[in-house]
Amino acid sequence: MAWGCPGPWMSRPGSCPTSWASCQKQAQQVLGAWWSCRSKGRGSLLPQREPSTARKRAGEAAEWKPSLQERETLTPHPLMSASSMSSFLYYALPALGGYILLSLFFLRWPRLLHVARNPAFRCQLAAHRGGSGERLENTMEALENSMAQRSDLFELDCQLTRDGQVVISHDENLFRQSGLNKNIQDVDYEDLPLYREELEVYFSPGQFVQGSDRKMIRLEDIFQRFPQTPVSLEVKVEDEKLINKIATLVKHFGRSEITIWAAEKNSVMKKCHAANPDMPTSFTVIRVIWLLLMYYGGLLPFFSIRERFLLCFLPTIINRTYFPFSCPAMNRLTAALSKRLIMRKSLIRHLEERGIQVVFWCLNEESDFEVAYRLGATGVMTDYPTALRHYLDNHPQQPNQSNSDR
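Model, not experiment: these values are computed from the prediction.

Rules used throughout
- Residues numbered from 1 in each chain as written.
- Predicted model: local features only at pLDDT ≥ 70, side-chain atom pairs only at ≥ 80, totals over all residues.
- Heavy atoms only, no water.
- Helix = DSSP H or I, 4+ residues; strand = E, 2+ residues; numbered from the N terminus.
- Buried < 20%, exposed > 50% of the residue type's maximum accessible area, 1.4 Å probe, protein only.
- Contact = heavy atoms within 4.5 Å.
- Areas by Shrake-Rupley, 256 points an atom, 1.4 Å probe, with all protein chains shown as cover.
- UniProt positions renumbered as here; feature names shortened; annotations may be inferred.
- Axes fitted to C-alpha atoms, helices over the stretch in contact; angles between N-to-C directions.
- Parallel < 35°, antiparallel > 145°, perpendicular 65-115°, else oblique.
- Nonpolar A, V, L, I, M, F, W, Y, C, P; charged D, E, K, R; others polar.
- Phe/Tyr/Trp six-rings, centres within 6.5 Å; stacked < 30°, edge-to-face > 60°.
- Lys NZ or Arg CZ within 6 Å of the ring centre and 35° of its normal.
- Expected span 1.5 Å × (residues − 1).
- Arc of directions from axis to C-beta.
- Pairing = 2+ DSSP bridges.
- Patch = residues over 30% accessible without salt bridge, like charges linked within 9 Å, V, L, I, M, F, W, Y side chains within 5 Å.
- Salt bridge = Lys/Arg side-chain N within 4 Å of Asp/Glu carboxyl O.

**Student:** Would you mind going over the overall build of the protein in detail, with residue names and values included?
**Tutor:** A count of helical and extended segments in the protein gives 15 helices and 10 strands. Residue burial in the protein is summarised as follows: out of 406 residues, 43% are buried. For the protein, contacts bridging at least 24 residues in sequence account for 65% of all contacts bridging at least 6. Roughly 22,400 Å² of accessible area belongs to the protein as shown, and the carbon and sulfur atoms make up 56% of that amount.

Here it is in structure tokens:
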């Protein structure tokens with residue numbers, strides 16, 4: 001008897017002839033019903049046998065269709081789900097742990113991946129607006145006073161007059177400084193008014209300063225008077241003519257390495273860097289956000305950083321000497337969030353190890369000096385260079401001193 005042929009019992013009178021396709025369908029029905037009962041908690045596993053051959057032949061397709069649909073909608077086997085999850089965790093957890101350890105290792109020792117830059121100068125004492133707490137801001141007298149305190153850096157803002165002269169002024173409009181309600185770009189340099197006799201110190205509310213020198217000065221005058229003094233030049237507007245004028249002056253006086261591009265907007269910084277790529281740059285607002293995301297995501301050690309300076313406000317001065325918002329509640333919220341995000345010793349140490357100098361602004365009290373240097377900052381920007389020089393003379397700061405023991 002050949003394989004696949006019907007046996008003798010199938011050819012006996014009264015027997016129920018069954019095809020091979022019907023056997024397959026019956027097996028599928030049994031398995032499907034068993035798994036369905038197992039998933040739904042039913043007791044019966046075997047389908048009911050049909051009462052007659054005629055009924056089976058008449059409604060075979062309709063009778064078996066629901067069983068097939070039911071088999072298609074079965075829930076996954078719980079043992080299979082648990083096994084898949086276990087396999088995933090078996091590989092994912094060690095990979096995650098290895099990534100965290102590797103990130104922490106290179107965060108602490110970044111020089112294994114990156115070559116530290118050798119800075120042209122090191123900034124411990126930066127004079128904000130030339131030292132606006134002791135002399136009238138952005139005047140030659142203020143700069144001379146700051147140099148007497150051995151300032152490492154002048155922080156200045158640039159504007160362009162109508163006749164194309166680059167002048168030093170924080171405000172675009174002249175009203176706060178001189179009482180004339182005109183923009184600098186609408187006035188020729190020779191027609192610029194004198195400063196007021198008394199100006200309020202912005203980061204020391206209620207404090208006023210006076211000075212004998214009330215004349216607004218040009219950037220060219222500063223380069224001629226202080227040829228070797230580092231300067232940070234902030235550009236607040238996307239003015240290509242102003243940016244190109246600054247870049248030309250810097251190249252003319254051969255001081256690209258000691259003149260820093262500074263800007264809040266990324267679009268302005270891109271134009272500045274394109275005008276003179278040899279000048280070091282500082283972080284813009286968007287780049288600071290990127291820096292924090294990379295730091296908290298563990299990716300910072302594996303990315304290159306083009307900036308050489310992080311000029312950042314110290315969060316503890318918000319709601320004390322710095323009020324970025326008119327709403328006190330917003331200021332308190334900003335102070336709390338920025339304190340948790342920015343004041344991280346490991347972040348500052350990592351930047352320092354990679355040759356990126358961290359300078360906190362604008363600190364005018366000794367308690368704030370102490371906080372900044374304890375965090376490991378390179379330097380402090382202040383309106384009172386005399387006070388900061390006195391602090392540094394009594395608390396000498398060596399390069400990476402605050403980081404070496406952590």
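**Student:** Residues and numbers for the UniProt feature "transmembrane region" (unreviewed entry) in the protein, please.
**Tutor:** Feature annotation in UniProt places "transmembrane region" (unreviewed entry) on residues 88-107 and 288-305, given in this structure's numbering. As a span, residues 88-107 carries 100% helix and 0% strand, and end to end its C-alpha atoms are 28 Å apart. With 56% helix and 0% strand, the stretch residues 288-305 has end C-alpha atoms that lie 11 Å from each other.

**Student:** Run through helix α5 (residues 140-148), naming residues and quoting values.
**Tutor:** Restricting attention to buried positions, one finds in α5 the residues Met140, Ala142, Leu143, Asn145 and Ser146. Where the residues of α5 are buried, they touch β1 (125-128), β2 (153-160), α7 (219-225) and α14 (385-394). Within two residues after α5, Arg150 carries a phi angle of roughly 60°, on the positive side.

**Student:** If you had to explain the packing of helix α10 (residues 285-297) against helix α12 (residues 345-353) to someone new, which residues and values would you point to?
**Tutor:** As a packed pair, α10 and α12 sit with axes 11 Å apart at the nearest point and diverge in direction by 110°. As the angle between them shows, α10 and α12 are arranged roughly perpendicular. Counting all contacts with α10, which are made through Leu291, Leu292 and Tyr295, the residues of α12 involved are Ser346, Leu347 and Leu351. In terms of residue class, the contact of α10 with α12 is built from 5 nonpolar, 1 polar and no charged.

**Student:** Describe the packing of aromatic side chains, with residues and values.
**Tutor:** Scanning all chains against the criterion turns up 16 aromatic pairs. Members of the aromatic cluster, joined through ring pairs, are Tyr202, Phe203, Phe313, Tyr322 and Trp361. Over the face of the ring belonging to Tyr189 we find Arg218, whose NZ or CZ atom lies 5.6 Å from the ring centre.

**Student:** How would you summarise α10 if you had to cite specific residues and measurements?
**Tutor:** The end-to-end C-alpha separation of α10 is 18 Å, in line with the 18 Å expected for 13 residues at 1.5 Å each. When we look at burial in α10, the residues that qualify are Arg287, Leu291, Leu292, Met294 and Tyr295. All buried residues of α10 project into a common sector of 165° when viewed along the axis, lining one side. Those residues of α10 that are exposed and angled more than 90 degrees off the buried face are Ile286 and Leu293. A positive backbone phi angle near 80° is found at Gly298, which sits one or two residues after α10.

**Student:** Which residues make up the pairing of strand β8 (residues 309-313), and what are the values?
**Tutor:** In terms of burial, β8 is largely enclosed, as 5 of its 5 residues are buried. Every second residue of β8 is oriented toward a common face, with Phe309, Leu311 and Phe313 on one face and Leu310 and Cys312 on the other, all of them buried. Examined bridge by bridge, β8 and strand β9 (residues 357-361) share 5 bridges and lie parallel to one another. Among the inter-strand pairings, Phe313 is bridged to a residue of β9, identified as Trp361.

**Student:** Which residues make up a nonpolar patch on the surface, and what values go with them?
**Tutor:** Nonpolar side chains collect at one region of the surface, where Leu96, Tyr99, Ile100, Leu102, Leu104, Leu113, Leu299, Phe302 and Phe303 lie side by side and expose about 760 Å² of accessible area between them. Positionally, Leu113 belongs in the loop between α4 (78-108) and β1. The exposure class assigned to Leu113 is partly exposed, which follows from its relative accessible area of 41%.

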